[in-house]
Amino acid sequence: MFSRSLSIIGRRVGNTLFRSKKTTFALIALPLFVSYRGIHLNNTYTSSIRNYSQLANTRFTNMLSLTPPQYPPSWEFKPEDILSQTKEFIANTKLFYDDLVAIDNPTIENLIVPYINHENENELLINQLTFLQHVSEDKTIRDASMEATMLLQDFEIESGSRVDLFKQFDLIWNQIKDKKDEFEDFEIWRFVEKCHKDYVRAGLNLPADKLEKVKEIKKKIADNCLKFSKNLGEQKEYILFTAEELKGVPESVIEQFEKVNDEFGIQKLKVTYKYPDIFPVLKNAQNPETRMKAFMGDQNKVPENEHLFKDTLKLRNELALVLGYDTYANYNLDIKMAKNADTVLSFVNDLIVKLQDPAKKELDILKNLKKQEFENEFNMVYDGDYYIWDHRYYDNKYLKENFNVDEEKIAEYYPLESTIDGMLKIYETLLKLKFVEVKENKKTWHDDVKQLAVWKLDTPENPEFVGWIFFDLHPRDGKYGHAANFGLSSSYISANGTRSYPITALVCNFSKSTKDKPSLLKHSEITTFFHELGHGIHDLVGNNRIGRFNGPGAVPWDFVEAPSQMLEFWTWNTKELLSLSQNYKDNAKIDTKLLESLIKTKHVNGALFALRQLHFGLFDMKVHMMSAEELDKLDIKKLWNDLREKICLISNGDQPTTGYNSFGHIMSGSYSAGYYGYMWAEVFATDMYYTKFKADPLNPEVGVKYRDIVLARGGLYEIDDNLEEFLGRKPAKDAFLEELGLH
């Protein structure tokens, strides 16, 4: 998952930009704007973005001796600093916009260029202020960051609704919109086009009363989404089990559970709903009652989110209608590759139909496995049912018994530290990027966080600095509970003509080391890390002059996952997995036969997994296509559970759940009416891998071409055009269907 902490600076949408064939405007602040008040902020921020050295062109032989030409950002924020800097930014930016509005004859030079510089140069600070709510261990800082986000969201909505500022952009756009081919700087042309489209999508061309309504609705939606996210991040729910109830769960997992006494004084083990706790229980607990309780507890957490979700659905529908769209789905899809709900429904429903037969065959095998266990191991009569809480357990059992795949045993060969080092070496070979960890005098928001400088090695004797990346890898109270990449600052050319380098962060939740053993990565977690690092690299290699065109946030949201999904293929290759392995006890490499068995499991029960994803995608579409009347009558719990049974073919066991209350994607402005994008993006990811990498996964010539055409261009050009240039033909879905076993 990719996230921007807040889109206040960029309103970052990605669609198209064409190549400029002529000279470019320099992105500099002109003398008219000596009162450029939006960027005079605190010293911490300005020092964190200032280039302090001209060493980028110096030749180096020892990577550790390299001095990055840009400081990493400081994370020394107190709660009061967060709020004071937020308010200062808002006040200064309002004055800056007032200055732009006061220009009598707006032009590219006196309005657009200063606006771009302001947008570029303030992104880092704003994303720092809002990012801390997801990662700080200090609740007062998280709360201050949450309050700052609320202030900034309100300001973004207000400033994005300024008719006077829109009129200035409208004047310029009408002067240049028909001059695309001859315009001397196409990146500037596209920037104006995107800004103008953002304003129109925000309702700036509507009558005043309707625009006011749009602002009111947007503020309510933003408030709901923020509360929903906070409830998820702050939840500390758990379930208690006896050791007997957890029979089958590996001892290495049992050891990580806190021992507590229940209300009757009986000692039990505390299982939280964070991934390192709950997933091993669902996969390994032999007692079906335990699995049911664990599944139900996890699915039914944060019940306080339900009213926020339902209210948001109604508000989104109302917003779409005011803006002239028939449904929220069609409003949000207008700037995605799919363009409309009909296209998405056709894509999703076609896959559901095609996957039914293979999924039924997979399900029959798992039902038979459950029958054998009940009759041969439990001496019980099997009732013929296979429940949703059974699935992870029997899927895992099938892999163990038929492929000798024990994820806990395999994890012993993948200690976190050496595995990550190995992953980074793969990227060094493939993409010619070198990651150098900074351990002394590092600047991070938590001691666990790793800070790395990234260098491009196209010319090894003359490394080129790329940017900074942070790895925050372990769970803690109040931290974002899933896995995501947070883009903090995009690459751009600053007002003085030098490049400002990107900053990005990977936030994951892998188990921590204990006194007896290091943190060990399961194979699925290796895949997760590869995926999220793919987003991070997309952020790092952006090469456009304007920040909003760089990184994953610049591309259409139904393509955003494709680069990361493509990199997951490397975690299913014997050679790469062997190179990463190093047993934590004796440094031994993993047995190749075990690896071959693991790789054979890639598509085992793959149809059932794909249907699970399609359940999420279709639910997301259905609730965002409903009218106000339909939403008033909606039994959301029934829809969620009935759709799951129908699509996934697995019984709810008359135990309906409320998993939508923790379905964070659906409350995101980008992923809402967009979860289908995970499967949609797989089409492009698979096509790229099969066509260019499958025969030779570590070919640096192909890797660099991919880096520079697909990643570095961000949203500068049409994604279809980038893909056609990289692939040598138009994208096709044949490889995707073959990967699913449907071709």
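Here's what I pulled together on the structure shown here. (Residues numbered from 1 in each chain as written. Predicted model: local features only at pLDDT ≥ 70, side-chain atom pairs only at ≥ 80, totals over all residues. Heavy atoms only, no water.)

## Focus: the overall build of the protein chain
Within the protein chain one finds 27 helices and 11 strands. In terms of C-alpha radius of gyration, the protein chain reaches 26 Å, essentially the compact-globule figure of 27 Å for 743 residues. Residue burial in the protein chain is summarised as follows: out of 743 residues, 60% are buried. Here the analysis covers contacts within the protein chain between residues at least 6 apart in sequence; of these, 77% occur between residues at least 24 apart. Positive and negative side-chain charges of the protein chain, numbering 94 and 111 respectively, have mean locations separated by a distance of 1 Å. (Helix = DSSP H or I, 4+ residues; strand = E, 2+ residues; numbered from the N terminus. Rg over C-alpha atoms; globule rule 2.2 N^0.38 Å. Buried < 20%, exposed > 50% of the residue type's maximum accessible area, 1.4 Å probe, protein only. Contact = heavy atoms within 4.5 Å. Lys, Arg positive; Asp, Glu negative; His and termini not counted. Charge placed at Lys NZ, Arg CZ, Asp CG, Glu CD.)

## Focus on the nonpolar core
If you look at the biggest cluster of nonpolar residues, it comprises 192 residues, and the most contacted ones within it are Phe309, Tyr414, Phe435, Phe471, Leu533, Trp570 and Phe619. Considering every element that reaches this core, the biggest residue donor is helix α13 (residues 341-377), with 13 residues. In contact with tyrosine 414, not counting residues within four places along its chain, are Thr419, Ser519, Leu520, Leu521, Ile526, Leu577, Leu580, Ser581, Gln582, Ile590 and Leu595. One finds Tyr115, Ile172, Phe183 and Tyr199 within the second-largest nonpolar core, a separate group that totals 36 residues. (Core = buried A, V, L, I, M, F, W, Y, C linked by side-chain atoms within 4.5 Å.)

## A word on the environment of phenylalanine 155
With respect to the secondary-structure elements, phenylalanine 155 resides in helix α4 (residues 139-159). Accessibility expressed as a relative area gives 12% for phenylalanine 155, which makes it buried.

## Let's talk about the packing of aromatic side chains
Counted by the stated rule, this structure contains 55 aromatic pairs. A network of ring pairs unites the aromatic residues Phe309, Trp557, Phe616, Phe619, Trp640, Tyr660, Phe663, Tyr671, Tyr675 and Tyr678 as a single cluster. The lysine or arginine in question, arginine 291, covers the ring of tyrosine 393, its NZ or CZ lying 4.1 Å from the ring centre. The cationic tip of lysine 692 hangs over the ring face of phenylalanine 726; the distance from NZ or CZ to the ring centre is 6.0 Å. (Phe/Tyr/Trp six-rings, centres within 6.5 Å; stacked < 30°, edge-to-face > 60°. Lys NZ or Arg CZ within 6 Å of the ring centre and 35° of its normal.)

## Digging into the pairing of strand β11 (residues 503-507)
The element β11 is largely enclosed, with a buried count of 5 among its 5 residues. Of the two faces of β11, the one holding Ile503, Ala505 and Val507 and the one holding Thr504 and Leu506 are both buried throughout. Across 5 bridges, the pairing between strand β7 (residues 464-472) and β11 is parallel. Bridging across to β11, isoleucine 469 finds its partner in threonine 504. Pairing analysis gives 5 bridges linking strand β8 (residues 484-489) to β11, with the strands arranged antiparallel. By the bridge assignment for β11, glycine 487 is matched with threonine 504. (Pairing = 2+ DSSP bridges.)

## Section: the pattern of salt bridges
In a structure, side chains of opposite charge can pair up when their charged atoms sit close to one another. Under the definition given, this model contains 48 salt bridges. Notably, a salt bridge pairs arginine 729 with aspartate 687, separated by 2.6 Å at the nearest N-O pair. Placement of the pair is arginine 729 in the loop between α26 (719-727) and α27 (734-739) and aspartate 687 in helix α24 (residues 677-693), with a sequence separation of 42 residues. Taken together, the shared-partner salt bridges in this structure form one network comprising Lys94, Asp98, Arg162 and Asp164. (Salt bridge = Lys/Arg side-chain N within 4 Å of Asp/Glu carboxyl O.)

## Overview of the pairing of strand β6 (residues 450-456)
Of all 7 residues making up β6, 7 are buried, and the element is well covered by its neighbours. Burial of β6 is two-sided: the residues Lys450, Leu452, Val454 and Lys456 facing one way and the residues Gln451, Ala453 and Trp455 facing the other way are all buried. When strand β5 (residues 433-437) meets β6, the two strands line up antiparallel, connected through 5 bridges. Across the sheet, residue phenylalanine 435 finds its bridge partner in β6, namely valine 454. In terms of strand pairing, β6 meets β7 through 7 bridges, oriented antiparallel. Note that in β7 the partner of leucine 452 across the bridge is isoleucine 469.

## So, the sheet that holds strand β3 (residues 258-261)
An order of β2-β4-β3 is seen for the 3 strands of this open sheet, with the pairing classed as antiparallel. At either margin of the open sheet sits one strand with a lone partner, and together these are β2 (238-241) and β3. Each strand axis lies, on average, 45 degrees off the axis of its neighbour in the sheet, ignoring direction. Here β3 pairs with strand β4 (residues 267-272) via 4 bridges, running antiparallel. Within the sheet, the bridge partner assigned to asparagine 261 lies in β4 and is glutamine 267. (Axes fitted to C-alpha atoms, helices over the stretch in contact; angles between N-to-C directions.)

## Describing the packing of helix α16 (residues 416-431) against helix α17 (residues 523-540)
Taken N-terminus to C-terminus, the directions of α16 and α17 make an angle of 45 degrees; their axes are 11 Å apart at the nearest point. When the axis of α16 is compared with that of α17, the two are oblique. The handedness of the crossing between α16 and α17 is right-handed. Of α17, the residues touching α16 (which contributes Thr419, Ile420, Met423, Leu424, Ile426, Tyr427 and Leu431) are Ile526, Phe529, Phe530, Leu533, Gly534 and Ile537. The residue inventory of the contact of α16 with α17, partitioned by class, reads 11 nonpolar, 2 polar and no charged. (Parallel < 35°, antiparallel > 145°, perpendicular 65-115°, else oblique. Left-handed = near helix turned anticlockwise from the far one by under 90°. Nonpolar A, V, L, I, M, F, W, Y, C, P; charged D, E, K, R; others polar.)

## Focus: the environment of aspartate 383
For aspartate 383, the location among the structural elements is in the loop between α13 and α14 (391-403). Look at aspartate 383 and you get exposed, because its relative accessible area is 53%. Residues aspartate 383 and alanine 329 lie 54 residues apart in sequence; the distance between their C-alpha atoms is 42 Å. A polar contact is formed between the side chain of aspartate 383 and the backbone nitrogen of aspartate 385, at a distance of 2.9 Å. (Polar contact = N/O pair within 3.5 Å; in protein donor to acceptor, adjacent residues only side chain to side chain.)

## Digging into the side chain of arginine 291
With respect to the helices and strands, arginine 291 occurs in helix α10 (residues 288-299). A polar contact is formed between the side chain of arginine 291 and the backbone oxygen of alanine 285, at a distance of 2.8 Å. Of the polar contacts made by the side chain of arginine 291, one reaches the side chain of aspartate 390; its length is 2.9 Å.

## What to know about α24
Relative to the 24 Å expected for 17 residues at 1.5 Å per residue, α24 spans 23 Å between its end C-alpha atoms, a close match to the ideal helical length. Within α24, 14 of the 17 residues are buried, which leaves it mostly tucked inside the rest of the structure. (Expected span 1.5 Å × (residues − 1).)

## Structural notes on a negative patch on the surface
Together, Asp383, Asp385, Glu645 and Asp654 line one region of the surface with negative charge. Note on placement: aspartate 654 falls in the loop between α23 (636-648) and α24. (Patch = residues over 30% accessible without salt bridge, like charges linked within 9 Å, V, L, I, M, F, W, Y side chains within 5 Å. Areas by Shrake-Rupley, 256 points an atom, 1.4 Å probe, with all protein chains shown as cover.)

## Regarding unusual backbone geometry
Its identity is not glycine, yet asparagine 441 carries a phi of approximately 55 degrees, on the positive side. Tracing the backbone through its elements, the reader meets asparagine 441 in the loop between β5 and β6. One non-glycine residue with positive phi stands out, namely asparagine 605, at about 60 degrees. On the secondary structure map, asparagine 605 appears in the loop between α20 (592-600) and α21 (606-623).

## Section: the packing of α24 against helix α25 (residues 700-711)
Contact pair α24 / α25: the axes reach a minimum separation of 11 Å and the direction vectors enclose 145 degrees. Two packed elements cross with a definite hand, and for α24 against α25 that hand is right-handed. Mapping the contact onto sequence places Met688, Lys692 and Phe693 in α24 and Val702, Gly703, Lys705, Tyr706 and Val710 in α25. When its residues are assigned to classes, the contact of α24 with α25 shows 5 nonpolar, 1 polar and 2 charged.

## Quick word on the environment of threonine 528
Its location among the elements puts threonine 528 in helix α17. Threonine 528 gets classed as partly exposed once you look at its relative accessible area, which sits at 27%. In sequence terms threonine 528 and histidine 391 are 137 residues apart; their C-alpha atoms lie 21 Å from each other.

## Quick notes on α21
Taking 1.5 Å of rise per residue, 18 residues should cover 26 Å, and α21 covers 26 Å from first to last C-alpha, within 8% of that figure. Most of α21 is tucked away, with 14 of its 18 residues classed as buried.

These figures come from the coordinates and say nothing about function on their own.
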